[in-house]
Amino acid sequence: MDGDMDTHGESVGEFVLELVSHYRLLDKPVRTFEALRIFLHREADEAYAELRAGRAYVVRRGEQGELEALHSAMRAQGFVLRLRRADRD
């Protein structure tokens, strides 16, 4: 799936938005980094390093409603994300 919404119908409590990949990560890594800078500014270097190493990067924590807009915007730019309950850490 392009962007998992692993919430099981629950919207109360803290959620985590994780960055998993970008569709151009392997063939155009500069494009991926540029897109990361748009959303993550100072965290872009760290997030990029995690993606290149094959690890997910926690973008934000908060209430589900707060994270859904960011989730949608990032997905529209080619990112693969996972939105899940924080208590599944």
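Residues numbered from 1 in each chain as written. Predicted model: local features only at pLDDT ≥ 70, side-chain atom pairs only at ≥ 80, totals over all residues. Heavy atoms only, no water.

1. Re the overall build of the chain
Stated formally: By the criteria applied, helices consist of DSSP H or I runs no shorter than four residues and strands consist of E runs no shorter than two, each listed in order from the N terminus. Throughout this description, buried means an accessible area under 20% of the type-specific maximum (1.4 Å probe, protein chains only), exposed means over 50%, and partly exposed covers the range between. Pairs of residues are marked as contacts when any of their non-hydrogen atoms sit within 4.5 Å. Computed by Shrake-Rupley with a 1.4 Å probe, the accessible areas treat only the displayed protein chains as cover when residues are assessed.
Counting its secondary structure elements, the chain contains 3 helices and 4 strands. Order of helices (α) and strands (β) in the chain, N terminus to C terminus: β-β-α-α-β-α-β. The buried share of the chain, taken over its 89 residues, is 35%. Intrachain contacts of the chain at a sequence separation of at least 6 include 70% that bridge at least 24 residues. Counting every atom, the chain has about 5300 Å² of accessible surface; 48% of that belongs to carbon and sulfur.

2. Things to note about helix α3 (residues 64-76)
Counted only if it meets this: One fewer than the residue count of a helix, multiplied by 1.5 Å, yields its expected span. This arc describes the spread of directions from the helix axis toward the C-beta atoms.
The first and last C-alpha atoms of α3 sit 18 Å apart over 13 residues, in line with the 18 Å expected at 1.5 Å per residue. Of the residues making up α3, those classed as buried are Q64, L67, H71 and M74. Projection of α3 onto a plane perpendicular to its axis shows the buried side chains occupying an angular sector of 90°, all on one side. The exposed residues of α3 that point more than 90 degrees off its buried face are G65, E66, A69 and A76.

3. Details of the nonpolar core
Keep this limit in mind: The definition of a nonpolar core used throughout is a set of buried Ala, Val, Leu, Ile, Met, Phe, Trp, Tyr and Cys residues joined through side-chain atoms within 4.5 Å.
Judged by nonpolar contacts, the single largest core of 18 residues is most densely connected at L19, L36, L40, V59, M74 and F79. Here the element with the most residues in this core is helix α1 (residues 29-40); it accounts for 4 residues. Non-local contacts of L19, meaning those with residues more than four positions away in its chain, are made with L36, L40, A47, L51, R55, A56, Y57, V59, M74, F79, V80 and L81.

4. Here we look at the pattern of salt bridges
Here is the rule we go by: Whenever a carboxyl oxygen of Asp or Glu lies within 4 Å of a side-chain nitrogen of Lys or Arg, that contact is scored as a salt bridge.
Taken as a whole and assessed by the stated rule, the structure comprises 6 salt bridges. A salt bridge links R82 to E18; its shortest N-O distance comes to 2.7 Å. With R82 in strand β4 (residues 79-85) and E18 in strand β2 (residues 14-22), this residue pair connects regions lying 64 residues apart in the sequence. Taking the relative accessible area as the measure of exposure, R82 reaches 27% and is therefore partly exposed. Two residues, E43 and R60, come together in a salt bridge whose shortest N-O distance is 3.5 Å. Of this pair, E43 sits in the loop between α1 and α2 (44-52) while R60 sits in strand β3 (residues 57-63), and the two are 17 residues apart along the sequence. What makes E43 partly exposed here is its relative accessible area of 30%. Several salt bridges share partner residues, and in doing so they unite E18, R82 and R84 into one network.

5. Here's the deal with unusual backbone geometry
Not every positive phi belongs to a glycine, and H41 is a case in point at roughly 45°. Examined against the element boundaries, H41 turns out to sit in the loop between α1 and α2. On the basis of relative accessibility, which here comes to 55%, the residue H41 falls in the exposed class.

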